[in-house]
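So the chains spell out like this:
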Amino acid sequence: MNIQEFESNYREAMAEALNELQTAVLMLAQVQRKISEIGSSMQNMNESVEEFINNQKNE
């Protein structure tokens, strides 16, 4: 392997690794957003259940 082949292989490997890293970062952002959505949904559900329980106790 000569220096040009080595450089080409290195650049291709780095480009692929950086693309993979970018993909992972984008996926992480999606997961964080989904976790936030689920947390909000659970909080809303909890508030609804608490309100229902309180209403039932007052009747």
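One can find the structure itself at the top, above this paragraph.
Rules used throughout
- Residues numbered from 1 in each chain as written.
- Predicted model: local features only at pLDDT ≥ 70, side-chain atom pairs only at ≥ 80, totals over all residues.
- Heavy atoms only, no water.
- Helix = DSSP H or I, 4+ residues; strand = E, 2+ residues; numbered from the N terminus.
- Rg over C-alpha atoms; globule rule 2.2 N^0.38 Å.
- Areas by Shrake-Rupley, 256 points an atom, 1.4 Å probe, with all protein chains shown as cover.
- Salt bridge = Lys/Arg side-chain N within 4 Å of Asp/Glu carboxyl O.
- Buried < 20%, exposed > 50% of the residue type's maximum accessible area, 1.4 Å probe, protein only.
- Expected span 1.5 Å × (residues − 1).
- Polar contact = N/O pair within 3.5 Å; in protein donor to acceptor, adjacent residues only side chain to side chain.
- Patch = residues over 30% accessible without salt bridge, like charges linked within 9 Å, V, L, I, M, F, W, Y side chains within 5 Å.

Draft legend 1. Local environment of the overall build of the protein. Within the protein, the regular secondary structure consists of one helix and zero strands. Scaling as 2.2 N^0.38, a compact globule of 59 residues should have a C-alpha radius of gyration of about 10 Å, whereas the protein reaches 25 Å, well beyond that. Principal axes of the C-alpha set define a box for the protein whose edges measure 85 × 10 × 5 Å. For the protein, the accessible area works out to roughly 5,700 Å², and carbon and sulfur atoms hold 57% of it.

Draft legend 2. How the structure looks around the pattern of salt bridges. One pass over the full model with this rule turns up two salt bridges. Ionic pairing is found between E37 and K34, a salt bridge with its closest N-O pair at 3.6 Å. Remark: K34 and E37 occur in helix α1 (residues 3-58); sequence separation between them is three residues, near one turn of the helix. The class of E37 is partly exposed, set by a relative accessible area of 43%. K34 gets classed as partly exposed once you look at its relative accessible area, which sits at 47%.

Draft legend 3. Region of the structure containing α1. Its 56 residues place the ends of α1 82 Å apart at the C-alpha level, agreeing with the 82 Å of an ideal helix rising 1.5 Å per residue. For α1, the N-terminal cap is N2; the gap from its side-chain oxygen to the backbone nitrogen of Q4 is 3.0 Å.

Draft legend 4. Layout of a nonpolar patch on the surface. A cluster of nonpolar side chains, namely M1, I3, F6, Y10, M14, L18, L21 and V25, defines an oily patch on the protein surface of about 890 Å² accessible area. Of note, L18 is situated in helix α1. Overall, the relative accessible area of 52% leaves L18 in the exposed class.

Draft legend 5. Geometry of the environment of Q4. Inspection of the secondary structure assignment puts Q4 in helix α1. Each C-alpha atom of the pair Q4 and L21 lies 25 Å from the other, and the pair is 17 residues apart in sequence.

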